[in-house]
Amino acid sequence: MSRILVVDDEPAIVAGIQSLLELHDIESEGAWDCESAEERISAEFFPIILADLRMRSDEDGFRLLDAVKRISPNSRVATMTAYADAATEARLRDRGSELILHKPFEEDELMAALREMLAAIEAAASAHVSDSELYEATLSTLESISRGRYHFTKDEAEELVQDTWVLFLEKRASVRAPKEWLTGTLRNLCRQEIDRRCRDRQRVPEIVPETFTPADDEVLAVRQALERLDPRSRELCTLIGLEQRSYEEVVATAGIPIGSVGPLYMRAKQRLRKAMDN
């Protein structure tokens, strides 16, 4: 997956955007002023640079556009701004900004714009890339998604990657952005496999043995404590603690905003411990 450089003079904004990109399996680097951004684009190629217009001065965004044109002319720049009028936008486009995002914008709006830019870059690059070269270029990324994010074993991850490639080869002629298509399809297959396993576990009747070992006692205590929790706390402890779901999956399953998952899960764990102690 292509790396994106995020540039803003507010570190919290840079960190927030990087966290959002990470949720979508997009690698990124951060910079907090025009100078540090220039250092990074001099050291590494970033196909997309997402930069604020106003940083230490009103002209920083324009200075960065000039630097990109000079140092990394093949990079594409998306400019974030809350102040641009029609004249400023025209000036930005003349200096090389391909996309202008008006603050405040929704996360979905940002991701859709970045994915469209990445797809255009990838389509141009993959026009001359063979399937075998594409396979080699994407293999480590696909395996890291299935093993790192979804916690499948090495053998399970390899099987999921191969299933993804079988589907890709069947639809090759209609795929515009192969890397995006492969990563998106793999994530869907991983979620489907997790859902299938959860359904299979629910269909297996629970058998409580007559003789308990210490481990059995602990399992039973956790189950009893879970039953005493409120529905949301029980759901969070089950999804994250027992089923090892990612925060992204919890958002999709439980409908909780991504920024609230961590704090709510911490409180749910505290309630669970208290229920086990009582």
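Residues numbered from 1 in each chain as written. Predicted model: local features only at pLDDT ≥ 70, side-chain atom pairs only at ≥ 80, totals over all residues. Heavy atoms only, no water.

There is a patch of like negative charges on the surface, built from Glu106, Glu107, Asp108 and Glu109. Relative to the assigned elements, Glu106 resides in the loop between strand 5 (97–102) and helix 5 (107–126). (Patch = residues over 30% accessible without salt bridge, like charges linked within 9 Å, V, L, I, M, F, W, Y side chains within 5 Å. Areas by Shrake-Rupley, 256 points an atom, 1.4 Å probe, with all protein chains shown as cover. Salt bridge = Lys/Arg side-chain N within 4 Å of Asp/Glu carboxyl O. Lys, Arg positive; Asp, Glu negative; His and termini not counted. Charge placed at Lys NZ, Arg CZ, Asp CG, Glu CD. Helix = DSSP H or I, 4+ residues; strand = E, 2+ residues; numbered from the N terminus.)

Mapped onto the secondary structure, Leu272 falls in helix 12 (residues 258–277). Residue class for Leu272 comes out buried when judged on its relative accessible area of 14%. Each C-alpha atom, one on Leu272 and one on Ala225, is 6.2 Å from the other, the two residues being 47 residues apart in sequence. Setting aside its immediate chain neighbours within four residues, Leu272 contacts Val222, Ala225, Leu226, Leu229 and Cys237. (Buried < 20%, exposed > 50% of the residue type's maximum accessible area, 1.4 Å probe, protein only. Contact = heavy atoms within 4.5 Å.)

Here we take up the packing of aromatic side chains. Scanning the model with the defined rule gives 3 aromatic pairs in all. On the basis of an interplanar angle of 55° and a centroid distance of 5.8 Å, the ring pair of Phe168 and Trp181 is categorised as tilted. Separated by 13 residues along the polypeptide, Phe168 in helix 7 (residues 154–170) and Trp181 in helix 8 (residues 178–203) bring together distant segments of the chain. Using a relative accessible area of 0% as the deciding quantity, one classes Phe168 as buried. Grouped by ring-pair contacts, the aromatic residues Tyr135, Trp165, Phe168 and Trp181 constitute a single cluster. When the ring centre of Tyr83 is taken as reference, the NZ or CZ atom of Arg54 above it lies at 4.0 Å. Seen from the ring of Phe62, Arg91 lies directly overhead, with NZ or CZ sitting 3.8 Å from the centre. (Phe/Tyr/Trp six-rings, centres within 6.5 Å; stacked < 30°, edge-to-face > 60°. Lys NZ or Arg CZ within 6 Å of the ring centre and 35° of its normal.)

The 5 strands lie next to each other as 2-1-3-4-5, forming an open sheet whose pairing is parallel. Edge strands, defined here as strands with exactly one partner in the open sheet, are strand 2 (28–31) and strand 5. Ignoring which end each strand starts from, the neighbouring axes of this sheet average 20° apart. In the packing of helix 1 (residues 11–23) onto the sheet, contacts are made with strand 1 (4–7), strand 2, strand 3 (48–52) and strand 4 (76–81), and the angle to strand 2 comes to roughly 175°. (Pairing = 2+ DSSP bridges. Axes fitted to C-alpha atoms, helices over the stretch in contact; angles between N-to-C directions.)

Predicted confidence across the protein gives a mean pLDDT of 83, with 90% of residues reaching 70 or more. Counting contacts from residues 206–214, a segment whose pLDDT is below 50, to residues more than four positions away or on other chains yields 5 contacts. (pLDDT = per-residue confidence, 0-100.)

Take the pairing of strand 2 next. Inspection of the sheet shows strand 1 paired to strand 2 by 4 bridges, in the parallel sense. Residue pairing in the sheet places Leu5 in a bridge with Glu29 of strand 2. Each parallel crossover has a hand, and for strand 1 linked through helix 1 to strand 2 it is right-handed. (Right-handed = clockwise from strand over helix to strand, strands pointing away.)

What follows deals with the side chain of Thr138. As for its position among the elements, Thr138 is in helix 6 (residues 131–149). In contact with Thr138, not counting residues within four places along its chain, are Trp165, Lys179 and Leu182.

Before going further, it helps to spend a moment on helix 7. Here helix 7 spans 25 Å end to end across 17 residues, near enough to the 24 Å set by a 1.5 Å rise per residue. For helix 7, every residue scored as buried is listed here: Ala157, Leu160, Val161, Thr164, Trp165 and Phe168. Down the axis of helix 7, the buried set is contained in an arc of 140°. They therefore lie on one face. Exposed and facing more than 90 degrees away from the buried side of helix 7 are Asp155, Glu159 and Glu170. (Expected span 1.5 Å × (residues − 1). Arc of directions from axis to C-beta.)

This part is about the pattern of salt bridges. The tally for this structure, following the rule as stated, stands at 20 salt bridges. The partner of Arg91 in a salt bridge is Glu59, with the nearest N and O atoms 2.9 Å apart. Taken as a pair, Arg91 in helix 4 (residues 86–95) and Glu59 in the loop between strand 3 and helix 3 (60–71) lie far apart in primary sequence, 32 residues in all. Arg91 gets classed as partly exposed once you look at its relative accessible area, which sits at 34%. Residue Glu59 is classed as partly exposed on the basis of its relative accessible area of 36%. Counted as one network, the salt bridges with shared partners bring together Arg3, Glu27, Glu29, Arg40 and Glu44.

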